[in-house]
Structures are given as structure tokens and as C-alpha cells.
Amino acid sequence: MTSADAAPAPAPRTPDDVPGWFWKTDQQVFGWLLDRQSAAGTGGDILELGTYLGRSAILLGSHLRPGETLTVCDLFDSDAPDDDNSAEMAMSYRGSLTRRAFEANYLAFHGRLPTVIQAPTSALADGRIPAGSCRFVHVDASHLYEHVVDDIRVARAALVPDGVIALDDYRAEHTPGVAAAVWEAVFEHGLRPVCLTPDKFYGTWGDAGALGQELCARDWRGEGFRMDQDTIAHHTVHRLAWDEPPAFAPESPRCATPHRSVPRRLALDLLPPIATRALRRVRRHLGR
Ligand SMILES: C[S@@+](CC[C@H](N)C(=O)[O-])C[C@H]1O[C@@H](n2cnc3c(N)ncnc32)[C@H](O)[C@@H]1O
């Protein structure tokens, strides 16, 4: 029996029921960025490269305003354009991913489908996404360096001047090619980092300073997030992650290293390194 013949999965009741890699911190940052754009009158379409079963696309679709469109591009159940990409697909997605399953998930939350481009993201290099038409682009498709370089190029051309790009897996152990492409875009192609979460890099080719300042104006810490600030080659970057509230108030200023609760610190210190790493991995995948 193939996955296409299998009984359909029950309809998801919340977007978190949809399998995927889109966790609390990034759900909140996406929502905040898209709401901020709406409040500031920054219009434009939304583009997602790499959709899988729709977990992040469902949130993107819920931020569309009248006249805006969401376009998603994914291979779904089509062949990958090269062997390395085929291997990546076989390892991570082939057992579970069909376009039909994505569409069913999306329609559980929205009245109509987004524009679906079932193709390698390289197909977008033909200019089918009009230049300067998008306010937000989420790049979460292939993890191969050459592909991500091209995806960033597509995103840059598609974005309005103050548009935002979100890049997944910019620092994961198994995705060095993404890291290389992302930081190359910063150092060679003018991308300005604004916010880093455990899973995603957020940047703009527009006014990063204004965006960063507004980001800091939300009381993320009061809501239980950890927030720190770094300077990377003159770029001010805000690091944001979901964390339990500290056991006591930090004495250091805003954006300094957070305190961990005593029990959590002890647990992390006392566990053998393998268990500590495993625990951190699980926490990261839970968005914590
Ligand atoms: C990590 S998943 C996306 C996860 C999704 N954004 C979420 O939040 O759940 C990566 C997706 O990229 C797709 N993909 C991989 N290589 C691709 C390529 N060259 N072109 C288009 N899609 C690709 C895979 O089919 C898979 O659905």
C-alpha cells in the first residue's frame, strides 16, 4: 500500500495538530511581524518556499488582508531536481507528504486554498512572482547551499523595500549549507539581520533598525520569552526564545544573558552530556 492509498489522517483541530517544524517562538514572531506590517500599512503578498503539510502556511494564510495572496511552493509528491535533494526528500518527507494531505490540512482552517506551485523552488527564478510584490517570504525548502542561495535571491526580488525574510534552519547541525547561504547574504548581499530564534533567522533589506526597535518594544520577557541582544559586524540582532520565567528577576539590563531556574540549571549540569544534549534537543523541538 502506498501513502496515497492510506486512509486520510483525521482533520486537524488546531494548526499544532498538523505535523511540521513550526514552533511557538516562530509562530509568535510571524504573527507579530505580519500584524505590525498590517498596522503600518505595509501591504503585499506572502510567499512560502517549503510548505510540507501546511503547519506554517496555515498561520500565514490567516494574516492575509483583502487583495493579498499567499503563494506556496513545494515539491510535495513530485520528483526532486537533483540527487542530493532527492536524498533529503527521501530521508525527511517522502513517507508522509502529499499535495492532497497539505490541501486537506489547509482547508481545515481556511475557506480556499492558496496559490500552490508544485515544483522545485528553482522554478520561481523565471520571475513568476512579480518583483516587489511580497511583504513576507518564508524560506523553508531545500537545505542545500546552492538551492538556498537561489531561494534567497528569489525572496529578495519578490520583497517590497521593508519586507521581511524568514529563513529556517540557519544554524542546525544538519544544515551547514543553509548557514553558509544565510550569512553570505548578510556579508555579501546586504541582508540585515533583525531577530534570531533557535530555528529561524529574520532579516530585511529595508530598515532593520526600526524593525528591531519595535520588536524590543513588545514585552516578550513579560510573556515568558528569553530575549538577548548581540552585535554582529555592526548589526544589532535580537535573540528570542521561549523559556520559562526566571526564578528571580535578572539584575542585568534588558537583553542581557538570562538566569536559568535553579532546578533546571542543576538538572542540565548533573545529567550526562548525551542526556543533556538530548534534553536540549527535545526542548528546542518543543519550542522551549
Ligand atoms: C522543513 S519542510 C517545510 C516545513 C513547513 N514550512 C512547516 O513549518 O511545517 C521542507 C519542505 O521543503 C520541500 N522541498 C525540499 N526541497 C525542495 C525544492 N527543491 N523545491 C521545493 N520544495 C522543496 C519538501 O517537500 C518539504 O515539504
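Going by the structure above, here's the rest.
Here is what the cut-offs are and how they apply
Residues numbered from 1 in each chain as written. Predicted model: local features only at pLDDT ≥ 70, side-chain atom pairs only at ≥ 80, totals over all residues. Heavy atoms only, no water. Buried < 20%, exposed > 50% of the residue type's maximum accessible area, 1.4 Å probe, protein only. Helix = DSSP H or I, 4+ residues; strand = E, 2+ residues; numbered from the N terminus. Arc of directions from axis to C-beta. Contact = heavy atoms within 4.5 Å. Near = heavy atom within 4 Å. Polar contact = N/O pair within 3.5 Å; in protein donor to acceptor, adjacent residues only side chain to side chain. Areas by Shrake-Rupley, 256 points an atom, 1.4 Å probe, with all protein chains shown as cover. Axes fitted to C-alpha atoms, helices over the stretch in contact; angles between N-to-C directions. Parallel < 35°, antiparallel > 145°, perpendicular 65-115°, else oblique. Left-handed = near helix turned anticlockwise from the far one by under 90°. Nonpolar A, V, L, I, M, F, W, Y, C, P; charged D, E, K, R; others polar.

A. Region of the structure containing helix α7 (residues 208-217). Listed as buried for α7 are Ala208, Leu211, Gly212, Leu215 and Cys216. Projected down its long axis, α7 shows its buried positions confined to an angular sector of 135°, all on one face. Within α7, the exposed residues directed more than 90 degrees away from the buried face are Gln213 and Ala217. Where α7 is buried, its residues meet α1 (24-40), β5 (159-168), β6 (192-196), β7 (200-204), β8 (225-232) and β9 (235-242).

B. Spotlight on the site of the ligand. For the ligand, the set of nearby residues contains 22 residues, the closest of which are Ser56, Asp74, Asn85, Thr121 and Asp140. Residue aspartate 74 places a side-chain N or O atom 2.7 Å away from an oxygen atom belonging to the ligand. Take threonine 121: an N or O atom from its main chain is 3.0 Å from a nitrogen atom of the ligand. Protein chains bury 99% of the 600 Å² of accessible surface belonging to the ligand in isolation. Looking at the shell around the ligand, the elements that each hand over two or more residues are α2 (55-61) and α3 (83-92).

C. Broad picture of the packing of helix α5 (residues 145-158) against helix α6 (residues 176-189). In contact at an axis separation of 8 Å, α5 and α6 are set at 45° when each is read in the N-to-C sense. By the angle class used here, α5 and α6 are oblique. For the crossing formed where α5 meets α6, the hand is right-handed. Of α6, the residues touching α5 (which contributes Tyr145, Val148, Val149, Ile152 and Arg156) are Gly177, Val178, Ala180, Ala181, Val182, Glu184, Ala185 and His189. Split by residue class, the contact of α5 with α6 holds nine nonpolar, two polar and two charged.

D. Focus on the packing of α1 against α7. Packing of α1 against α7 brings their axes to within 12 Å, and their N-to-C directions diverge by 115°. The two elements α1 and α7 meet at a crossing, and its hand is right-handed. Across from Trp32, Leu33 and Arg36 in α1, the residues of α7 making contact are Ala210, Leu211, Glu214 and Leu215. Tallied by class, residues from the contact of α1 with α7 come to five nonpolar, no polar and two charged.

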